[in-house]
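# Residue-level structural notes
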Amino acid sequence: MDGIAWEEPFCGEGASCFRLGTDNNGNAYIAVAGAEDAYLSDSREALRTLIRDIKAGKADHLL
């Protein structure tokens, strides 16, 4: 999809790299680096909530 502004990849040690992106229509995207054509999409507000929840430790049980 054209119009997605991808951020630099976020990479973990020995893990896959993830990329976050946004477009001018208020959408947010998450993809594995190198596979940006197979992304998950939702609103920017949903992405903000996801990031805030992760920072608050709500996904720590997945680590």
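Before any of the text, the structure's been laid out above.
Values in this document were obtained by computation on a predicted structure and should not be read as measured data.

### Describing the pattern of salt bridges
- Overall, the coordinates contain three salt bridges when judged by the stated rule.
- Note that Arg48 is salt-bridged to Glu45, the shortest N-O span being 3.1 Å. Of this pair, Arg48 and Glu45 both sit in helix α1 (residues 44-55), three residues apart, which is roughly one turn of that helix.
- On the basis of relative accessible area, Glu45 is assigned to the partly exposed category, the value being 39%.

### Focus: the state of the cysteines
- Taken as a whole and assessed by the stated rule, the structure comprises one disulfide.
- Each sulfur in the disulfide pair Cys11 and Cys17 lies 1.9 Å from the other. What sets the handedness of the Cys11 and Cys17 disulfide is the S-S torsion sign, and at about 115° it is right-handed.

### Some details on the packing of aromatic side chains
- The final tally for this structure, using the stated rule, is two aromatic pairs.
- Seen from their ring centres, Tyr29 and Tyr39 are 4.9 Å apart, and the 90° between their planes marks the pair as edge-to-face. Of this pair, Tyr29 sits in strand β4 (residues 27-32) while Tyr39 is found in the loop between β4 and β5 (40-43), placing the two residues ten residues apart along the sequence.
- Overall, Tyr39 belongs to the partly exposed group, its relative accessible area being 28%.
- One aromatic cluster is present, formed by Trp6, Tyr29 and Tyr39 through successive ring pairs.

### What to know about the environment of His61
- With respect to the helices, strands and loops of the structure, His61 is situated in the segment after α1.
- For His61, a relative accessible area of 64% translates into the label exposed.

### What about the pairing of β4?
- Inspection of the sheet shows strand β3 (residues 17-22) paired to β4 by five bridges, in the antiparallel sense. In the sheet register, Gly21 faces β4, and the bridge partner there is Tyr29.
- Taking the residues that link successive antiparallel strands as the turn, the β3-β4 hairpin has four residues, and the phi of Gly26 there is positive, at about 85°.
- As paired strands, β4 and β5 are joined by four bridges and run antiparallel to one another. Across the sheet, the residue bridging to Asn27 is Ser43, located in β5.

Conventions and cut-offs
- Residues numbered from 1 in each chain as written.
- Predicted model: local features only at pLDDT ≥ 70, side-chain atom pairs only at ≥ 80, totals over all residues.
- Heavy atoms only, no water.
- Salt bridge = Lys/Arg side-chain N within 4 Å of Asp/Glu carboxyl O.
- Helix = DSSP H or I, 4+ residues; strand = E, 2+ residues; numbered from the N terminus.
- Buried < 20%, exposed > 50% of the residue type's maximum accessible area, 1.4 Å probe, protein only.
- Disulfide = S-S within 2.5 Å.
- Phe/Tyr/Trp six-rings, centres within 6.5 Å; stacked < 30°, edge-to-face > 60°.
- Pairing = 2+ DSSP bridges.

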